[in-house]
Amino acid sequence: MINNMDISNAMTIKLDSKLPEYPEFAEGIRRAPKREFNLSPMEAETALKNALRYVPEELHETLAPEFMEELVTRGRIYGYRFRPHGKIKGKSIDEYNGKCTEGKAIQVMIDNNLDFDIALYPYELVTYGETGQVCQNWMQYRLIKKYLEEITQDQTLAIMSGHPLGLFKSSPSSPRVIITNGLMVGMYDNPDDWHKAAAMGVANYGQMTAGGFMYIGPQGIVHGTFNTVLNAGRLKYGIGDNEDLAGYLFVTSGLGGMSGAQGKAVKIANGVGIIAEVDESRTQTRHEQGWVDIVANSPKEAFALAKKYQDKKEGVAIAFNGNVIDLLEYAADNNVKIHLLSDQTSCHVPYDGGYCPQGLTFEERTELLGTNKIQFRKLVDESLIKHFNIIKDLVDKGTYFFDYGNAFMKAVYDAGETEICANGKDESEGFIFPSYVEDIMGPMLFDYGYGPFRWVCLSGKPEDLRKTDKAAMDCIDPNRRAQDRDNWVWIRDAEKNALVVGTQARILYQDAMGRLKIALRFNEMVRNGEISPVMLGRDHHDTGGTDSPFRETSNIYDGSRVMSEMATQCFAGNAARGMTMIALHNGGGVGIGKSINGGFGMVLDGSLRVDEILKRAMAWDTMVGVSRRSWARNENSIETCVEYNEMKKGTDHITLPYIPKEDLVKNLVVEAFKSME
Ligand SMILES: NC(=O)c1ccc[n+]([C@@H]2O[C@H](COP(=O)([O-])OP(=O)(O)OC[C@H]3O[C@@H](n4cnc5c(N)ncnc54)[C@H](O)[C@@H]3O)[C@@H](O)[C@H]2O)c1
């Protein structure tokens, strides 16, 4: 029978047999709360064996008790001992070992996701969104890095929920890395079975860009949030195309990984923002980074400050140290006029610590999570229902509330409040408040193909970023559409707005042809030696990357929003066309079973080979979403696809929907139903 010596000898890429020193945990770095642990003794045995399969046998005696202790106290085996010591950060690509540019580039991206300044819980490999991990444990991290050091342009690395399955022969025009995270078989695709699988070490919650290695710090969401709040103002308060949010108040919550962008975004739109945050350390981080300007310690102080800036018509981001419910309760009781209201607590995982109940400090919330999950759940449910009732009250007084993609409305419904349902009984027909995609982002951006395109200058040099900003600006015609003008202004001011945290990266909403044009221009700049290689990518939260009925695809009304074929086609199509790195995940942003989402990374090395991949892949990645939206009869998408068919005659062709007369359909249905009575 095969033994561990044979196994070790059969591998050239593996973890060392030298025991790493146990790491010290730096003070002041946030730690993940204990995760749900619902394993039977037999399953716990499997979990332990699963973690030990990464390490040579000679280390098992030492590591087995350590891993068991982690499982019991933290709910997961992170393998802390394998974490490299000290601070991890995305360094310049030249500082990494590797046999090809792509192998080194992907290491930059992974390390950036684990930077102390970026990651939410860096020791637990969580980048953002309370539970969004790069991979499941530090053994996987080490092994992935070893593979990336060895990979050549003729190989592809398969990563399944953080586990590097191995290197397999492919070609220079195939993906270097294919990532999947948390994809579950339908009957097990629910939070309980997922928790079990995660505790056993076989499922990773990759969120979107955490496990897709494409997170670029809170900047990644600033542009989308800016677009959302500004357009919410245009939609509800008649703010003109050339005007901003001066004098308007936006109230929300969360200064975490993504939510931390809200202050910056509203300030760039020249509005006044108050953002509630229960975790003082996160408020402090955002304050130090300059992402919020002032910290208020009471609702009264926060609203008084806001009034001052609203009167001056000056933009400002105010953090409120405390629970969002306390803040909103004060506003409702004192008739404070809030124009725009949202929420960005991690409601996709409210019972795992994503939502802090009213009356608990952040520390008490962490403690209760570890000691009494049932009581924690009860308090979360009570708070969510109270939160909803205050919002309803404020909306009755004229506030515009929108769900900002954190599954808040679904969480209220799950807490037992059916009043939030459009039909008053269940979620099947949506909720009473609009999701930002239904009202704003869908019709105004996604339906045309505008989405969160981004790039990382792999040299880490600010001058490379400056050059790419300028080149991207030159690629945009600000007079084509209002969206192009907004994007042009955005990139013009991007450096001034000091958005970079971590690697030298940029977010810029673009449509299909805009992305292609910029991509080709950047690759040419690399070819000419003007800049070092660049990693292109996008958030999964995009036109074509995500099927999510309560979020990205919430403005699809042909019944197909329950399907997840678009994200899957997008992923497969990007693989076929040769994107460097492609990812497909379960749940990102809204929770397990509620979405399928994917993203890509594309290394621009200046070669003509890359030009060809860009020409094949960039437009597809976006137009798959626009065509699906067009087929769902979304007007702006139909218009975009008509233009595309004309422009791409002879190469691409999109099927367009015929639109029947409303009356014809309605009358026939009424008659048919009458005859069945
Ligand atoms: N709309 C989008 O484009 C978009 C994009 C990414 C993420 N999201 C969603 O937004 C949510 C937040 O993401 P994140 O990455 O910022 O998560 P996060 O967990 O890093 O941050 C959420 C923050 O909310 C705070 N919080 C929790 N309960 C609170 C309460 N009652 N009062 C005040 N503060 C409270 C937490 O302390 C935390 O700092 C997630 O559900 C995520 O999926 C939306």
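Look up: the structure comes first, before these words.
One structure accompanies this document, and this report is about it. (Residues numbered from 1 in each chain as written. Predicted model: local features only at pLDDT ≥ 70, side-chain atom pairs only at ≥ 80, totals over all residues. Heavy atoms only, no water.)

What about the pairing of strand S4 (residues 163-169)?
Within a regular strand, side chains alternate between the sheet's two faces. Where strand S3 (residues 155-160) and S4 come together, six bridges link them in antiparallel fashion. Note that in S4 the partner of Thr-156 across the bridge is Phe-168. The turn joining S3 and S4, which pair antiparallel and follow one another in sequence, is formed by two residues; a positive phi near 45° is taken by Ser-161. (Pairing = 2+ DSSP bridges. Helix = DSSP H or I, 4+ residues; strand = E, 2+ residues; numbered from the N terminus.)

Some words on the side chain of Arg-35
As for its position among the elements, Arg-35 is in the loop between helix H1 (4-9) and helix H2 (41-52). Residue classification places Arg-35 among the buried positions, given a relative accessible area of 6%. A distance of 3.4 Å separates a polar side-chain atom of Arg-35 from the backbone oxygen of Asp-352. (Buried < 20%, exposed > 50% of the residue type's maximum accessible area, 1.4 Å probe, protein only. Polar contact = N/O pair within 3.5 Å; in protein donor to acceptor, adjacent residues only side chain to side chain.)

Considering the site of the ligand
Around the ligand sit 35 residues in total, of which Ser-259, Glu-277, Ser-346, His-348 and Gly-589 are the nearest. Between the ligand and Gly-257, the relevant distance is 2.9 Å, taken from an oxygen atom to a main-chain nitrogen or oxygen of the residue. With respect to the ligand, the side chain of Ser-346 contributes an N or O atom lying 2.8 Å from an oxygen atom. Protein contacts shield 99% of the accessible area of the ligand, which totals 850 Å² for the unbound molecule. (Near = heavy atom within 4 Å. Areas by Shrake-Rupley, 256 points an atom, 1.4 Å probe, with all protein chains shown as cover.)

Description of the pairing of strand S14 (residues 534-538)
When you tally the buried positions in S14, you get five out of five residues, the bulk of the element. Two elements, strand S12 (residues 451-457) and S14, share five bridges in a ladder whose sense is antiparallel. Residue pairing in the sheet places Arg-454 in a bridge with Gly-537 of S14.

A look at helix H13 (residues 373-396)
Its 24 residues place the ends of H13 35 Å apart at the C-alpha level, agreeing with the 34 Å of an ideal helix rising 1.5 Å per residue. Of the positions making up H13, those classed as buried are Phe-376, Leu-379, Val-380, Asp-381, Ser-383, Leu-384, His-387, Phe-388, Ile-390, Ile-391 and Leu-394. Where H13 is buried, its residues meet helix H11 (324-333), strand S10 (340-341), helix H12 (362-371), strand S11 (400-401) and helix H14 (408-414). Looking one or two residues past H13, Gly-398 carries a phi angle of roughly 110°, positive in sign. (Expected span 1.5 Å × (residues − 1). Contact = heavy atoms within 4.5 Å.)

Section: unusual backbone geometry
Positive phi is not limited to glycine here, since Glu-130 has a value of about 60°. By secondary structure assignment, the location of Glu-130 is in the loop between strand S1 (126-128) and strand S2 (132-133). You will see that Lys-313, though not glycine, has its phi angle at about 60°, which is positive. Tracing the sequence through the fold places Lys-313 in the loop between helix H10 (299-312) and strand S9 (316-321).

Side note on the packing of aromatic side chains
Under the criterion given, the structure shown has 23 aromatic pairs. An angle of 70° between the planes, with centres 6.2 Å apart, marks the rings of Tyr-22 and Phe-25 as edge-to-face. Given the relative accessible area of 36%, Tyr-22 is considered partly exposed. Ring geometry for Trp-194 against Tyr-205: centres 5.8 Å apart, planes inclined by 80°, an arrangement best described as edge-to-face. Of the two residues, Trp-194 sits in helix H6 (residues 191-199) while Tyr-205 sits in the loop between H6 and helix H7 (219-237), which places them 11 residues apart along the sequence. The same class applies to Trp-194 and to Tyr-205, which are both buried. Through successive ring pairs, a cluster of aromatic residues spans Tyr-22, Phe-25, Tyr-78, Tyr-80, Phe-116 and Tyr-123. The side chain of Arg-31 reaches across the aromatic face of Phe-25, ending 4.1 Å from its centre. Looking at Arg-377, its charged tip hangs above the ring of Tyr-351, at a distance of 4.0 Å from the centre. (Phe/Tyr/Trp six-rings, centres within 6.5 Å; stacked < 30°, edge-to-face > 60°. Lys NZ or Arg CZ within 6 Å of the ring centre and 35° of its normal.)

Observations regarding the packing of H2 against helix H3 (residues 60-74)
Relative orientation of the contacting elements H2 and H3 amounts to 130°, with a least axis distance of 10 Å. The angle between the axes of H2 and H3 places the two elements in the oblique class. Two packed elements cross with a definite hand, and for H2 against H3 that hand is right-handed. Contact residues: H2 offers Ala-44, Ala-47, Leu-48, Ala-51 and Leu-52, while H3 offers His-60, Leu-63, Ala-64, Phe-67, Met-68 and Leu-71. Of the residues assigned to the contact of H2 with H3, the class counts are 10 nonpolar, one polar and no charged. (Axes fitted to C-alpha atoms, helices over the stretch in contact; angles between N-to-C directions. Parallel < 35°, antiparallel > 145°, perpendicular 65-115°, else oblique. Left-handed = near helix turned anticlockwise from the far one by under 90°. Nonpolar A, V, L, I, M, F, W, Y, C, P; charged D, E, K, R; others polar.)

Details of H6
Every buried residue belonging to H6 is among Trp-194, His-195, Ala-197, Ala-198 and Ala-199, and all of these are buried. Against H2 and H3 lie the buried residues of H6. A positive phi of about 85° marks Gly-201, the residue just after H6.

Considering the sheet that holds strand S6 (residues 249-253)
The strand order S8-S9-S7-S6-S10-S11 describes an open sheet built from six strands, whose pairing is parallel. The sheet terminates laterally at strand S8 (294-296) and S11, the two strands that pair on one side only. Note that S6 and strand S7 (residues 272-277) share five bridges and pair parallel. Looking across to S7, one finds that Phe-250 is bridged to Gly-273.

Looking at the nonpolar core
One finds Trp-455, Phe-522, Met-535 and Leu-536 to be the most contacted residues of the largest nonpolar core, which totals 134 residues. Looking at this core element by element, the count peaks at seven residues for helix H5 (residues 138-150). Those residues in contact with Leu-536, other than ones at most four positions away along the chain, are Met-214, Phe-453, Arg-454, Trp-455, Ala-519, Phe-522, Phe-600, Gly-601, Met-602, Leu-604, Leu-614 and Met-618. Of all hydrophobic cores here, the second largest spans 48 residues; its members include Ala-302, Tyr-309, Ile-325 and Phe-376. (Core = buried A, V, L, I, M, F, W, Y, C linked by side-chain atoms within 4.5 Å.)

Observations concerning the packing of H12 against H13
It is at 6 Å that the axes of H12 and H13 come closest, and there the two elements cross at 130°. When the axis of H12 is compared with that of H13, the two are oblique. In this structure, H12 contributes Arg-365, Leu-368, Leu-369 and Thr-371 to the contact, and H13 contributes Lys-373, Gln-375, Phe-376 and Leu-379. Residues belonging to the contact of H12 with H13 are distributed by class as follows: four nonpolar, two polar and two charged.

As for the environment of Ser-435
As for its placement among the helices and strands, Ser-435 is situated in the loop between H14 and helix H15 (436-444). Since its relative accessible area comes to 2%, Ser-435 is described here as buried. Once the C-alpha coordinates of Ser-435 and Gln-155 are considered, the two residues, 280 residues apart in sequence, prove to be 42 Å apart. Ignoring anything within four residues of it in the chain, the contact list for Ser-435 reads Asp-403, Met-409, Phe-550, Arg-551 and Ser-554. At 3.0 Å, the side chain of Ser-435 forms a polar contact with the backbone nitrogen of Val-437. Of the polar contacts made by the side chain of Ser-435, one reaches the side chain of Ser-554; its length is 3.1 Å.

Quick word on a negative patch on the surface
Residues Glu-280, Glu-363, Glu-364 and Glu-367 make up a contiguous surface patch of negative charge. Of the residues forming the negative patch, the biggest block, three residues, is contributed by H12. Along the polypeptide, Glu-364 turns up in helix H12. Classification of Glu-364 by relative accessible area gives partly exposed; the value is 38%. (Patch = residues over 30% accessible without salt bridge, like charges linked within 9 Å, V, L, I, M, F, W, Y side chains within 5 Å. Salt bridge = Lys/Arg side-chain N within 4 Å of Asp/Glu carboxyl O. Lys, Arg positive; Asp, Glu negative; His and termini not counted. Charge placed at Lys NZ, Arg CZ, Asp CG, Glu CD.)

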